[in-house]
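Listed below, chain by chain, are the residues.
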Amino acid sequence: MLLVNRAMMVFYDIEMCFSRNVSMDTLLSVYWFLFLIELPRYYLLEIFVSIRYAILKPFRRKMDDKARYVLFSENPLVSILVPGKNEGKHIYTLVQSLREQTYTNYEIIIVDDGSDDTTPYICRDLEKNGLIDRYVRINERCGKAGAANLGARLAKGKYIVHLDADSSLDRDAIEKVIIPFYTNDRVKAVGGCVKVRNGRYNICTSLQALEYLKVIMVGRMVTSELGIYHIISGAFGAFERETLDKIGYWDIGPGLDGDITQKIRKAGYKVVFAKEAVCMTNVPDRWWRLYLQRRRWSRSLVRFRLRKHSDILLPNRNWRVINWLSNMESIFYDCICNYMWFYYVIGLLFTYTEKLLEIMVVAWLIRLVFAFIAFAVIMLITERRREEFYLIKYLPLSTFYTGYYLRVIRLISYTSEFFFFRSYKDEWNPRKTSIWAQAEWN
């Protein structure tokens, strides 16, 4: 009721604003981007799918219970793979969260990609005391994909769970990320639900916490239900080891999360999202760090969706409608619509110069209504309503964060990647592997 009342108050503010200044015809002509692009995809579709998800939850629980029984009866070995560089301060917290898992038949493999901090000392101590099964050090940095490939080839488990070192898991996260493999034989990869651990640190992390709930928890649940789920987060994902053998593991170079997801889909396998398999991670607590992170993420979309895996978009012998829809959904809404938004904003600047401030205020009010609707969907879906409800106070700021800040970052990133191939010059990936990847796939 609180969310409904607040949304009604915002609606009233919009009505009063328009009754004094703007006609309803102008509402549609001025705010077409909000009503024709954003509302159908990011709100109406998510409402429909989320309600359906909630209604079918008892049926899904029965399926999961059967799958859980088969999982624990078979009790397969799960290899937990943690590649990374200079992650010494995070390793112990991750290992402790793994020791508390409800599923216990696993091995932990940590691959150190040329760390120059205390990682070797910490990991060797953990290995000596039996807290991890294997620690492997790469003296010359080869990149996250190379480290993951080494660890995967050393893994003995039927399934490989890939984790970021700064992650920590809910007690039943390993169990719940493996269960989907036992509900459908075609499932060969499962993405976990990543949430923000340091969300209360400052405004920057709080807005990211809200974004993760909207984009990852709800957004990826929706795309998974529609069969077009297209990126398994490197922070928490599970793969059948035999399938990784067939597709050749991770390709080196930037953007490995979405890349391997595309490879699995192209091989004809099913990829799903496990909403209840929760992983907590730290996010950047400074705006400039967030900018660098999102710039890298956005560039990767152009690199692997529009270049490397462009064959998904064209008819060929391996072409599948569902894969085409999966890629086009991401390309259209994340990339094309971003340039449409830029055109839309420029049009407003020149057409409604005198009323620009007024239009921006009304746009903010409309987006605030949308934000309350989205938050209501989050509260319907999440398993942590009490812990996450505090984020409601950041809804007024979230419209600026997602509507302007992130869009500008994406515009800069896409443009630099289209014309200058900047993803291959990012220091996050070793220069030698970026050069090889660029020569191999472009």
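Bear in mind the structure is a predicted one, so any value in this text is a computation, not a measurement.

About the thresholds
- Residues numbered from 1 in each chain as written.
- Predicted model: local features only at pLDDT ≥ 70, side-chain atom pairs only at ≥ 80, totals over all residues.
- Heavy atoms only, no water.
- Salt bridge = Lys/Arg side-chain N within 4 Å of Asp/Glu carboxyl O.
- Helix = DSSP H or I, 4+ residues; strand = E, 2+ residues; numbered from the N terminus.
- Buried < 20%, exposed > 50% of the residue type's maximum accessible area, 1.4 Å probe, protein only.
- Contact = heavy atoms within 4.5 Å.

**Let's talk about the pattern of salt bridges**
Tallying each qualifying case throughout the model produces 30 salt bridges. With a shortest N-O distance of 2.7 Å, E417 and R307 are connected by a salt bridge. Here the residue E417 occupies a position in helix α16 (residues 395–420), and R307 occupies one in helix α12 (residues 287–308), the gap between them amounting to 110 residues. Per residue, the accessibility class of E417 equals that of R307, and both read buried. Because the salt bridges share partners, they merge into one network encompassing D170, K195, K275, E383, R384 and E388.

**With respect to the environment of K195**
Along the chain, K195 turns up in strand β6 (residues 187–196). K195 gets classed as buried once you look at its relative accessible area, which sits at 2%. With 86 residues separating them in the primary sequence, K195 and T281 have C-alpha atoms 6.3 Å apart. Every residue in contact with K195, bar those within four places of it in the chain, is listed here: Y212, L213, M217, V278, C279, M280, T281, T382, E383, R384 and E388.

**Regarding unusual backbone geometry**
The phi torsion of most residues other than glycine is negative, and most of the peptide bonds are trans. Of note, the phi angle at N75 is positive, near 50 degrees, even though the residue is not glycine. Within the element layout of this structure, N75 appears in the loop between α4 (57–74) and β1 (78–84). Residue classification places N75 among the partly exposed residues on the basis of a relative accessible area of 36%. The backbone phi angle of F421 is positive, close to 55 degrees, even though this residue is not glycine. The topology assignment puts F421 in the loop between α16 and α17 (431–441). You can call F421 partly exposed: its relative accessible area is 26%.

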